[in-house]
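# A closer look at the structure
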Amino acid sequence: LSPGKKSDDNNASKDDDDVAEKGGKLSPGKKKGTSKNEKQWWEFFVSAIFVQAFTLTFLAEWGDRSQIATIAMAADYDPYGIIIGGSLGHGLATSTACIGGRILAQKISEKKIAMVGGGIFLIFGILAVFDDPSADYAKALPKWMKTSSSGSGALPSA
């Protein structure tokens, strides 16, 4: 079964409705007074896509830099404020990604997005192979990006 689709076990059959109307015995899992299109309250929260999204997000975020930063902030500040602020911030970022992804998917095919993303990933991978971890990257910056010795900042004065 694909996510979002229901099996026949979750839907009541016509025979079950006929039996319920006649006062007969109901099949297992069938509750009296529920139609085949009604959902239980928990089915809105515990669906296959909910479990998949929760698991993906939880595992992807576990131990990343934002979580380490959150741990450090919670050591010095009010943990409840950190929980609320972190949850709202992550929720906003995830919501933006979901809505933006939906809009982007309507404009560009999923195959093109995957090809471009894969190409960019390969380019970064190839560049990482030739990267010198001991290099002084400050020498590679253009002059206008370097901090002057007078401490006036990174941008040149006009």
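Residues numbered from 1 in each chain as written. Predicted model: local features only at pLDDT ≥ 70, side-chain atom pairs only at ≥ 80, totals over all residues. Heavy atoms only, no water.

## A closer look at the overall build of the protein
To keep things clear, this is the line we draw: Each helix is a run of DSSP H or I of at least 4 residues and each strand a run of E of at least 2, with the numbering of both proceeding from the N terminus. Note on classification: 1.4 Å probe, protein chains only; a residue is buried when its accessible area is under 20% of the maximum for its type, exposed when over 50%, partly exposed between these limits. Residue contacts follow a heavy-atom distance rule, with two residues in contact if any of their heavy atoms lie within 4.5 Å.
From N to C terminus, the protein includes five helices and zero strands. Written out in order from the N terminus, the α and β elements of the protein read α-α-α-α-α. The 158 residues of the protein split such that 3% are buried. Contacts spanning at least 24 positions in sequence make up 23% of the contacts within the protein whose residues lie at least 6 apart.

## Concerning helix 5 (residues 110–129)
The condition is simple: The span one expects for a helix is its residue count, reduced by one, times 1.5 Å.
For helix 5, spanning 20 residues, the distance from its first C-alpha to its last is 29 Å, which sits close to the expected 28 Å at 1.5 Å a residue. Counting buried residues in helix 5 gives zero out of 20 residues, a small share hidden from the surface.

## Section: helix 2 (residues 48–61)
Over its 14 residues, helix 2 extends 20 Å from the first C-alpha to the last, a length consistent with the 20 Å expected when each residue adds 1.5 Å. Among the residues trailing helix 2, Gly-63 stands out with phi positive, at a value near 80°.

## Points about the packing of aromatic side chains
What counts is decided by this rule: Any two rings among Phe, Tyr and Trp, with Trp reduced to its six-membered ring, count as a pair given centres within 6.5 Å; such a pair is stacked if its planes are under 30 degrees apart, edge-to-face if over 60, and tilted if neither.
Taken as a whole and judged by the stated rule, the model has three aromatic pairs. Between the aromatic rings of Phe-50 and Phe-54, the centroid separation amounts to 6.3 Å while the plane-to-plane angle is 20°, which identifies the pairing as stacked. A residue pair is termed a helical-turn pair when its members lie 3 or 4 positions apart in one helix, as Phe-50 and Phe-54 do in helix 2 at four residues. The partly exposed category is assigned to Phe-50, whose relative accessible area is 41%. Of the aromatic side chains, those joined through ring pairs into one cluster are Phe-50, Phe-54, Phe-58 and Trp-62.

## Comments concerning a nonpolar patch on the surface
Rules: Each patch is built from residues that are more than 30% exposed by relative accessible area and take part in no salt bridge. Like charges join if they lie within 9 Å; nonpolar side chains (Val, Leu, Ile, Met, Phe, Trp, Tyr) join within 5 Å. Per-residue and other accessible areas were derived by the Shrake-Rupley procedure at a 1.4 Å probe size, with only the shown protein chains allowed to occlude residues. Put simply, a salt bridge is a Lys or Arg side-chain nitrogen that is within 4 Å of an Asp or Glu carboxyl oxygen.
Taken together, the side chains of Trp-41, Trp-42, Phe-44, Phe-45, Val-46, Ile-49, Phe-50, Val-51, Phe-54, Phe-58, Leu-59 and Trp-62 present a nonpolar region at the surface, about 1400 Å² in accessible area. With respect to the element layout, Trp-41 can be found in the loop between helix 1 (14–21) and helix 2. By relative accessible area, which is 65% here, Trp-41 ends up exposed.

## Focus: the confidence of the model for the protein
Inclusion rule: In predicted models, pLDDT denotes the confidence assigned by the predictor to each residue on a 0 to 100 scale.
When pLDDT is averaged along the protein, the result is 74; 65% of the residues meet or exceed 70. Low pLDDT, under 50, characterises residues 5–22; the predicted model gives this stretch 15 contacts beyond four residues in sequence or across chains. The low-confidence segment residues 150–158, where pLDDT is below 50, has nine contacts with residues more than four positions distant or belonging to other chains.

## Some points on the layout of surface pockets
The test is simple: Any residue with an atom within 4 Å of a point lines the site, the site being either a cavity, points on a 1 Å grid over the protein atoms alone where a 1.4 Å probe fits but cannot get out, or a pocket, an open set with protein on both sides within 12 Å along at least 5 of 7 lines. Grid points are joined across faces, edges and corners, and a volume is the space filled by probe spheres set on the points. Think of it as three bins: nonpolar holds Ala, Val, Leu, Ile, Met, Phe, Trp, Tyr, Cys and Pro, charged holds Asp, Glu, Lys and Arg, and polar takes everything else, Gly as well.
If you add up the space inside the second largest pocket, you get close to 440 Å³. Forming the walls of the second largest pocket are 15 residues, and the residues nearest its centre are Glu-61, Ser-66, Gly-86, Ser-87 and His-90. Going through the elements one at a time, helix 2, helix 3 (65–76) and helix 4 (79–107) are the ones with two or more residues in the lining of the second largest pocket. Considering every element that reaches the lining of the second largest pocket, the biggest residue donor is helix 4, with seven residues. Looking at side-chain class alone, the lining of the second largest pocket contains four nonpolar, nine polar and two charged residues.

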